[in-house]
Amino acid sequence: MKKLQLNKDKCKKLHFGHKSIFCPKLNVHGSEMKSSDNEKYLGNIISTDMNNKKMVESRANGGIGINAQIMSLLNDISLVQHFFKIAKLLREAMLINSMLCSANAWYDMSESNIRSLESVDESLLRQILNAHSKTAMEALYLELGCKPIRYILMERRINYLYYILKLDKSELLWKVFLAQMNNPVKGDWYLQVMEDLKNLEIASNFNEIEKIVKITRKMSFKNLVKNNSKIAALKYLNNIK
């Protein structure tokens, strides 16, 4: 409450969709609330044009700095035969978890958004292997046994779906999911996660995933998603090769 009273400039109004004369004027501490086109909230940048570009750019820029930290650690410490194993652990713990924080709830991710994140990841893999700039991208992943970010995103979304389906039906998150399922619109999270289920060959429709969730424990389901993700990623990389 003190922060709200002392920092009224932090309160911003974001308008989504078409402008309307019926939109009310919002006030904060007796003054009209300032308008904004995008704001950072819980690590994500929310834009009124409902585009992920600014958020992805922010995450990618942060990832470039993390790459420098990882390579500094790898070069400063003598890891001998453990070099590549430690490099992969640092990639997962520092780069992937930082860039993809809360990514399980992202929606309408375009191919260009995903490639922006993957290019940062590939830059790190190239440095770890000391590979030439012309080395094929798929060779970097196959040599180190790493999955492209697109498949990590699929994993996280599907695991989040498992969490949603286990919720009480009175929960707001479940109601939002149900609304998307009953009235899907292009770019919705529901359509995205159903496409992920098909790509990883886990289920072809919602009834199938419901049955799997009912009879599967959390860790067993995670292992199923992880294994199918590895297989799908390997097929994807071999096709590119």
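This text goes with the structure placed above it.
What you see is a predicted model, and the numbers here were worked out from it, not measured in a lab.

Peer 1: Break down the side chain of Asn 67 for me, citing the residues and quoting the values.
Peer 2: For Asn 67, the position within the fold is in helix α2 (residues 53-76). In this structure Asn 67 touches Leu 95, Val 120, Ser 123, Leu 124 and Gln 127, once residues within four positions along its chain are discounted.

Peer 1: Which residues make up the nonpolar core, and what are the values?
Peer 2: Judged by nonpolar contacts, the single largest core of 34 residues is most densely connected at Leu 74, Leu 100, Trp 106, Leu 117 and Ile 128. Broken down by secondary-structure element, the contributors of at least two residues to this core are α2, α3 (83-99), α4 (111-129), α5 (137-144) and α6 (149-165). It is α2 that provides the largest number of residues to this core, a total of 7 residues. For Trp 106, the contacting residues outside a window of four places in its chain are Asn 44, Met 55, Arg 59, Met 99, Leu 100, Cys 101, Leu 117, Leu 153, Arg 157, Trp 189 and Gln 192. Counting 26 residues, the second-largest nonpolar core is a separate cluster that includes Phe 177, Ile 212, Val 225 and Ala 232.

Peer 1: Quick rundown of the layout of surface pockets? Include the residues and the values.
Peer 2: Estimated volume of the largest pocket: approximately 730 Å³. Lining the largest pocket are 21 residues; nearest its centre among them are Glu 92, Lys 147, Ile 152, Glu 155 and Lys 226. Elements represented by at least two residues in the lining of the largest pocket include exactly α3, α6 and α10 (218-240). Top element by residues in the lining of the largest pocket is α6. It accounts for 7 residues. Classifying every residue of the lining of the largest pocket gives 7 nonpolar, 4 polar and 10 charged. Looking at the second largest pocket, it is lined by 15 residues, and the ones nearest its centre are Asn 44, Ile 46, Met 55, Trp 106 and Tyr 107. Considering each element in turn, the lining of the second largest pocket owes the most residues, 4 residues, to strand β6 (residues 44-47). By residue class, the composition of the lining of the second largest pocket is 10 nonpolar, 5 polar and no charged.

About the thresholds
- Residues numbered from 1 in each chain as written.
- Predicted model: local features only at pLDDT ≥ 70, side-chain atom pairs only at ≥ 80, totals over all residues.
- Heavy atoms only, no water.
- Helix = DSSP H or I, 4+ residues; strand = E, 2+ residues; numbered from the N terminus.
- Contact = heavy atoms within 4.5 Å.
- Core = buried A, V, L, I, M, F, W, Y, C linked by side-chain atoms within 4.5 Å.
- Buried < 20%, exposed > 50% of the residue type's maximum accessible area, 1.4 Å probe, protein only.
- 1 Å grid on protein atoms, 1.4 Å probe; cavity = no way out; pocket = protein on both sides within 12 Å on 5 of 7 lines; lining within 4 Å.
- Points joined across faces, edges and corners; volume = space filled by probe spheres on them.
- Nonpolar A, V, L, I, M, F, W, Y, C, P; charged D, E, K, R; others polar.

None of the figures reported here should be taken as evidence of function without further support.
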